[in-house]
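# Commentary on secondary and tertiary structure
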Amino acid sequence: MTHQFPALSPEQKKALADIAQRIVASGKGILAADESVGTMGNRLQRINVENTEENRRAFREILFTSDTSINQSIGGVILFHETLYQKDSTGKPFTALIKEKGIVVGIKASICTAPLAGTNGETTIQGLDGLAERCAQYKKDGVDFGKWRAVLKISSTTPSQLAIQENANALARYASICQQNGLVPIVEPEVLPDGDHDLQRCQYVSEKVLAAVYKALNDHHVYLEGTLLKPNMVMAGHSCSKKYTPQDVAIATVTTLLRTVPAAVPGICFLSGGQSEEEASLNLNAMNQIPMAKPWKLTFSYGRALQASALAAWLGKSENKKAAQEAFRKRAQINSLACRGQYVQSGKTDAAATQSLFTASYTY
Amino acid sequence: MTHQHPALTAEQKKELSDIALRIVAPGKGILAADESVGHMAKRLNQIGVENTEENRRLYRQILFSADSRVKKCIGGVIFFHETMYQKADDGTPFVQMIKDKGIVVGIKVDKGVVPLAGTDGETTTQGLDGLWERCAQYKKDGADFAKWRCVLKISEHTPSSLAIMENANVLARYASICQQNCIVPIVEPEILPDGDHDLKRCQYVTEKVLAAVYKALSDHHVYLEGTLLKPNMVTPGHSCPTKYSPEEIAMATVTALRRTVPPAVPGVTFLSGGQSEEEASINLNAINTCPLVRPWALTFSYGRALQASALSAWRGQRDNADAATEEFVKRAEVNGLAALGKYEGSGDDSGAAGQSLYVANHAY
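In what follows, the accompanying structure is described. All values reported here derive from a predicted model rather than from experimental measurement. (Residues numbered from 1 in each chain as written. Chains lettered and ligands numbered in written order. Predicted model: local features only at pLDDT ≥ 70, side-chain atom pairs only at ≥ 80, totals over all residues. Heavy atoms only, no water.)

## Details of the overall build of chain B
Helix and strand counts for chain B stand at 13 helices and ten strands. In summary, chain B has a C-alpha radius of gyration of 19 Å against a globular reference of 21 Å for 364 residues, a match within 12%. Burial statistics for chain B: of 364 residues in total, 61% are counted as buried. Taking the intrachain contacts of chain B between residues at least 6 apart in sequence as the baseline, contacts between residues at least 24 apart amount to 81%. Across chain B, the mean location of the 39 positive side-chain charges is 3 Å away from that of the 43 negative side-chain charges. (Helix = DSSP H or I, 4+ residues; strand = E, 2+ residues; numbered from the N terminus. Rg over C-alpha atoms; globule rule 2.2 N^0.38 Å. Buried < 20%, exposed > 50% of the residue type's maximum accessible area, 1.4 Å probe, protein only. Contact = heavy atoms within 4.5 Å. Lys, Arg positive; Asp, Glu negative; His and termini not counted. Charge placed at Lys NZ, Arg CZ, Asp CG, Glu CD.)

## Quick look at the pairing of strand 6 (residues 145-152) of chain A
All names here are of chain A. Burial analysis of strand 6 places eight of its eight residues in the buried class, which makes it a mostly covered element. Of the two faces of strand 6, both are covered, the one formed by Phe145, Lys147, Arg149 and Val151 as well as the one formed by Gly146, Trp148, Ala150 and Leu152. Note: strand 3 (residues 104-108) against strand 6, three bridges, orientation parallel. Across the sheet, Ile107 pairs through a bridge with Gly146, a residue of strand 6. Relative to strand 7 (residues 184-191), strand 6 runs parallel, the two sharing eight bridges. Counterpart to Phe145 in the pairing with strand 7 is Val184. (Pairing = 2+ DSSP bridges.)

## Thoughts on the packing of helix 3 (residues 53-64) of chain B against helix 11 (residues 304-314) of chain B
Residues and elements named next belong to chain B. With their axes 11 Å apart at the nearest point, helix 3 and helix 11 run at an angle of 120 degrees to one another. When the interaxial angle is binned, helix 3 and helix 11 end up oblique. Where helix 3 crosses over helix 11, the two elements pack in a sense that is right-handed. Residue-level contacts link Asn55, Leu58, Tyr59, Ile62 and Leu63 of helix 3 to Gln307, Leu311 and Trp314 of helix 11. (Axes fitted to C-alpha atoms, helices over the stretch in contact; angles between N-to-C directions. Parallel < 35°, antiparallel > 145°, perpendicular 65-115°, else oblique. Left-handed = near helix turned anticlockwise from the far one by under 90°.)

## Brief notes about the interface of chain A and chain B
In this complex, chain A contributes 36 residues to the contact, which on the side of chain B involves 35 residues. Note on chain A versus chain B: buried area summed over both sides is about 2,900 Å², and carbon and sulfur give 56% of it. The interface formed by chain A and chain B includes two salt bridges. Glu225(B) is the salt-bridge partner of Arg259(A), the closest N and O atoms lying 2.8 Å from each other. The leading source of residues in the side of chain A that touches chain B is helix 8 (residues 199-219) of chain A, at ten residues. The residue inventory of the side of chain A that touches chain B, partitioned by class, reads 16 nonpolar, 13 polar and seven charged. (Buried area = accessible area lost by both parts, 1.4 Å probe. Salt bridge = Lys/Arg side-chain N within 4 Å of Asp/Glu carboxyl O. Nonpolar A, V, L, I, M, F, W, Y, C, P; charged D, E, K, R; others polar.)

## Some details on the pairing of strand 1 (residues 29-33) of chain B
Residues and elements named next belong to chain B. The buried fraction of strand 1 is high, at five of five residues. Examined bridge by bridge, strand 1 and strand 2 (residues 74-79) share five bridges and lie parallel to one another. Within strand 2, the residue paired with Leu31 across the bridge is Val77. Two strands pair when backbone bridges link them, and strand 1 and strand 10 (residues 297-302) are joined in this way by two bridges, in the parallel orientation. Note on strand 10: the bridge partner recorded for Leu31 is Tyr302.

## Focus on the pattern of salt bridges
Oppositely charged side chains can pair when the atoms bearing their charge come close. All names here are of chain A. This model, assessed by the stated rule, comprises 42 salt bridges over all chains. Among the ionic pairs, Arg259 bridges to Glu207, the shortest N-O distance being 3.0 Å. With Arg259 in helix 9 (residues 246-260) and Glu207 in helix 8, this residue pair connects regions lying 52 residues apart in the sequence. The buried category is assigned to Arg259, whose relative accessible area is 17%. Sharing partners across several salt bridges, the network here consists of Asp34, Lys108, Lys147, Arg149, Glu188 and Glu190.

## Some thoughts on the layout of surface pockets
What the second largest pocket holds in volume is close to 620 Å³. Elements that contribute at least two residues to the lining of the second largest pocket include exactly helix 7 (161-180) and helix 8 of chain A together with helix 7 (161-180) and helix 8 (199-219) of chain B. For the lining of the second largest pocket, the residue count by class is 13 nonpolar, ten polar and six charged. (1 Å grid on protein atoms, 1.4 Å probe; cavity = no way out; pocket = protein on both sides within 12 Å on 5 of 7 lines; lining within 4 Å. Points joined across faces, edges and corners; volume = space filled by probe spheres on them.)

## A closer look at the side chain of Ser309(B)
Residue and element names in this part refer to chain B. Along the polypeptide, Ser309 turns up in helix 11. According to the relative accessible area criterion, Ser309 is buried, its value standing at 8%. Among the polar contacts listed, one links the side chain of Ser309 to the side chain of Glu277, at a separation of 2.5 Å. (Polar contact = N/O pair within 3.5 Å; in protein donor to acceptor, adjacent residues only side chain to side chain.)

## Some points on the environment of Ala313(A)
All names here are of chain A. Mapped onto the elements, Ala313 comes out in helix 11 (residues 304-314). Residues Ala313 and Leu63, spaced 250 residues apart in sequence, show a C-alpha to C-alpha distance of 12 Å. Once residues within four sequence positions are removed from consideration, Ala313 is found in contact with Asn320, Ala323 and Ala324.

## Let's talk about helix 7 of chain A
Compared with an ideal rise of 1.5 Å per residue, which puts 20 residues at 28 Å, helix 7 of chain A spans 29 Å between its outermost C-alpha atoms and is within 8% of the ideal. Just past helix 7 of chain A, the residue Gly182(A) takes up positive phi, approximately 75 degrees. (Expected span 1.5 Å × (residues − 1).)

## Things to note about the packing of aromatic side chains
Residues and elements named next belong to chain B. Going through the model one piece at a time under the given rule, you end up with nine aromatic pairs over all chains. Seen in terms of ring centroids, Tyr59 and Trp314 are 5.6 Å apart; in terms of plane orientation they differ by 35 degrees. Their pairing is tilted. One end of the pair, Tyr59, is in helix 3; the other, Trp314, is in helix 11, and 255 residues separate them in sequence. Cluster of aromatic residues (ring-pair linked, three or more members): Phe64, Phe79 and Phe94. (Phe/Tyr/Trp six-rings, centres within 6.5 Å; stacked < 30°, edge-to-face > 60°.)

Here it is, written out as structure tokens:
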């Protein structure tokens, strides 16, 4: 180990660091629009819309034809493979629409979970096979970052040492391959909110998981300045009887990150994990307000928590396009304020914004 | 692993964190006066003084008699066991003299290096046996922090995985035991400057070593906010033909730390490792003016680099005691400024301040 065999040239490092910085530039976060076909099905079912390729395309078109000013709140968009090659109704590729707003295009790179035999229902992630070739192609097709989601679950016997190690290792392999192909890897080790554990338990588990992730990234010679982290916020389990405030969540989350995430990582983009739109914004805001010194940006990478109102406004009808875009724009702007700790909640919040978006044992 | 069995109470954590913050308060660093009897022999030999217990006492008295000017630049003093129980001429215990100046008392607790069989001359450090009881006694006797030095060496095949893993593990065990006794552990994984390797190689090895150290600390449930790190600066090997500026050293050092040391660690107190007094101050200053975000205090824990001029001025003569103390105070103030990035250099490279203090294969 004593001799370095540099994985990246200085030029490659600079390119990666620049992309990462652009995505998490001040006040900006990520729209996670990378729902798989199956998951999009769940979303569309909630608004009684059929899960066809055209409907999936139509909804994404609504988001991506938003006014250019959306680029003040959105630094990056994560796409699912199908969406990467879709076009708007004038025939313009979605990637072009997004890039001309100065927003970075990302791709969900992981495939799906695979069971870990001998564990209590734990999983690892598939997608490493041919990943280098896929990344090279995605880069040619306009993509500059990737996302890979590993899943861990808290129960009385999990996450096990094996699950933590294996998922951390897979994340590091993926990150290494991405960087070799000019893609910034977003590393997502999600600890699910399922369960009745309290805030402290989630914090403890999250600290262990993140320590393992960063050791694996170091072992695999990953260039941290050219990565982003997408973790869960530290929260109590969804069926925990005790309630916590956004400040409780903020302190537990930031403490966890201070203990595990090196300062070299430019940004941390939280997943919303079933929180309602409003909850996700309030918690992010609290994190950016608390007086603890944070060397990385704290921002969002929200799927459900950015799109719920837009979906509810759309209802599958083209005449609702403007209303849907306005709903999306509003949430994007609120989260942009939350990134700077400047979100002041108004008295009025509509039903869709506060509706819990929790789906048990959430998988893509 | 999934359930936490808290190692420390909230009160213990607060006490540890407060001690650590006091030691590395802005503008303050550590006087490492913990040279063993054998090591003191070398120092006294250089100035033609016999290595007796009395001479060692007289010499430490010179340092500890410094006036109130040291209060603003010295946050902690590390003692050797013998010195903890010595007194000044007027009968005042050294420990009390230090505490009366508002400076925190620390103790070296390791028992030196031992060979790792099957390696290329690598070592681990002993001292864990009975450490719990020793820490409890030291705490009663006035110590609030401890130091344990591990040693790694760069060569063609070193440091090996075993050496890195074993030293990281023993540091984590030591740290855990200290905290149980409300003693802040200073974790010192020194990578020796011996060799002809360049700056980049030292940086690479330092990153690997520190990543292993912090993974071990996480595994051993060590409370990072109640620890300090005492690493080498990232420098070229002593016989490396390429010369580097203080700014290059600073950049390499801060980059390595940003990639590996969690922001929760309150302070990094560099060892001087054979640098001359002036070099150690200039480099520390450059580190504190480095344009990268630095979430921990970056200060000094110097032995030789704080004492060389004082020793030269003393030469074992009582009449020189005041002049010697003055030399020490001067160096302490200079390093206090360097810790704030406010030291402008002496311009004077002659005499004791500029003389290289490198000692081959340095062992205490």
